[in-house]
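Structural overview
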Amino acid sequence: FLAILAADIRYQIIPDGAILIGTFFAFFKMWVDYRYTGMVNFLVFPSSLGAALFFLSLVLLTRGKGMGMGDVKLSFLMGLILGFPKIMVAVFLAFLTGALLGITLVLAGKKKLKDKVAFGPFLITGLVVALIWGQIIWEVYFYGNFIFR
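Below you will find a few notes about this structure. Quick caveat: nothing in here was measured; it's all calculated off a predicted structure.

Rules behind the numbers
Residues numbered from 1 in each chain as written. Predicted model: local features only at pLDDT ≥ 70, side-chain atom pairs only at ≥ 80, totals over all residues. Heavy atoms only, no water. Helix = DSSP H or I, 4+ residues; strand = E, 2+ residues; numbered from the N terminus. Rg over C-alpha atoms; globule rule 2.2 N^0.38 Å. Buried < 20%, exposed > 50% of the residue type's maximum accessible area, 1.4 Å probe, protein only. Contact = heavy atoms within 4.5 Å. Areas by Shrake-Rupley, 256 points an atom, 1.4 Å probe, with all protein chains shown as cover. Phe/Tyr/Trp six-rings, centres within 6.5 Å; stacked < 30°, edge-to-face > 60°. Axes fitted to C-alpha atoms, helices over the stretch in contact; angles between N-to-C directions. Parallel < 35°, antiparallel > 145°, perpendicular 65-115°, else oblique. Nonpolar A, V, L, I, M, F, W, Y, C, P; charged D, E, K, R; others polar. Core = buried A, V, L, I, M, F, W, Y, C linked by side-chain atoms within 4.5 Å. Salt bridge = Lys/Arg side-chain N within 4 Å of Asp/Glu carboxyl O.

Some details on the overall build of the protein
- Each helix and strand counted, the protein has six helices and zero strands in total.
- Each helix (α) and strand (β) of the protein, taken in turn from the N terminus, gives the series α-α-α-α-α-α.
- Taken over C-alpha atoms, the radius of gyration comes to 16 Å for the protein, in line with the 15 Å a tight globule of 149 residues would show.
- Expressed as lengths along the three principal axes of its C-alpha atoms, the size of the protein is roughly 55 × 40 × 25 Å.
- Relative to its 149 residues, the protein shows a buried fraction of 34%.
- Pairs at least 24 residues apart make up 69% of the contacts formed inside the protein by residues separated by at least 6 positions.
- Surface summary for the protein: the accessible area is close to 9,800 Å², and the carbon and sulfur share equals 71%.

What follows is the structure in structure tokens.
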């Protein structure tokens, strides 16, 4: 994820090789989990597909000017890693932090409204936060519960 973060910030591209390596490790983790627990979290598959289709629809609606195909592939990988509902938290946080930074940069005169900002770093930030606190954020937001796990 650090390679994806650096490449997207510097070149505004998310390398396919990094996505493939991440996908391999996500499936490897599923296999290891199955070997030791006998269970597979099948919710990761619709989560991956849903996230990828959501970002693909954004790419198609903006004709590639708002999002790129790298974001679609990264969201698929994130869905494999996070599953539901954490993928929802990660995507929400990515859009929230991206919007806050974008507004800040425009108000500070560093960027214009038409300028491009890499979205991969925001997706990765959302991924990390959702990995650590995703379930708690989801429960507090939707149920008002704060359960320590």
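Some remarks on the packing of aromatic side chains
- Evaluated as defined, the whole model comprises 14 aromatic pairs.
- Plain terms: the ring middles of Phe54 and Phe95 are 6.1 Å apart, the flat faces sit at 80 degrees to each other, and that makes the pair edge-to-face. Of this pair, Phe54 sits in helix H3 (residues 44–62) while Phe95 sits in helix H5 (residues 86–107), placing them 41 residues apart in sequence.
- A relative accessible area of 38% places Phe54 in the partly exposed class.
- On the numbers, 6.1 Å between centres and 40 degrees between planes, the contact of Phe119 with Phe122 is tilted.
- Its relative accessible area of 11% is what places Phe119 among the buried residues.
- On the accessibility criterion, Phe122 (11% relative accessible area) is buried.
- Aromatic ring contacts, followed pair by pair, group Phe54, Phe55, Phe95, Phe119 and Phe122 into a single cluster.

Quick notes on the packing of H3 against H5
- Interaxial distance between H3 and H5 falls to 10 Å at its minimum, and their mutual angle equals 30 degrees. As the angle between them shows, H3 and H5 are arranged roughly parallel. For the pair H3 and H5, the contacting residues are Ser47, Ala51, Phe54, Phe55 and Leu58 in the first and Ile87, Val91 and Phe95 in the second.
- Class assignment for the residues of the contact of H3 with H5 results in seven nonpolar, one polar and no charged.

Points about the nonpolar core
- Within the largest apolar cluster, 30 residues are counted, with the highest numbers of intra-cluster contacts made by Phe55, Leu74, Met78, Phe119 and Leu123.
- Elements with a minimum of two residues in this core: helix H2 (16–37), H3, helix H4 (69–82), H5 and helix H6 (120–143).
- Aside from chain neighbours lying at most four places away, what touches Leu123 is Phe55, Asp71, Leu74, Met78 and Ala94.

Observations regarding the pattern of salt bridges
- Using the criterion set out here, one finds two salt bridges in the structure.
- Put simply, Lys29 and Asp33 hold a salt bridge, and the shortest N to O gap is 2.7 Å. In this pair, Lys29 and Asp33 both sit in helix H2, four residues apart, roughly one turn of the helix.
- Accessibility expressed as a relative area gives 31% for Asp33, which makes it partly exposed.

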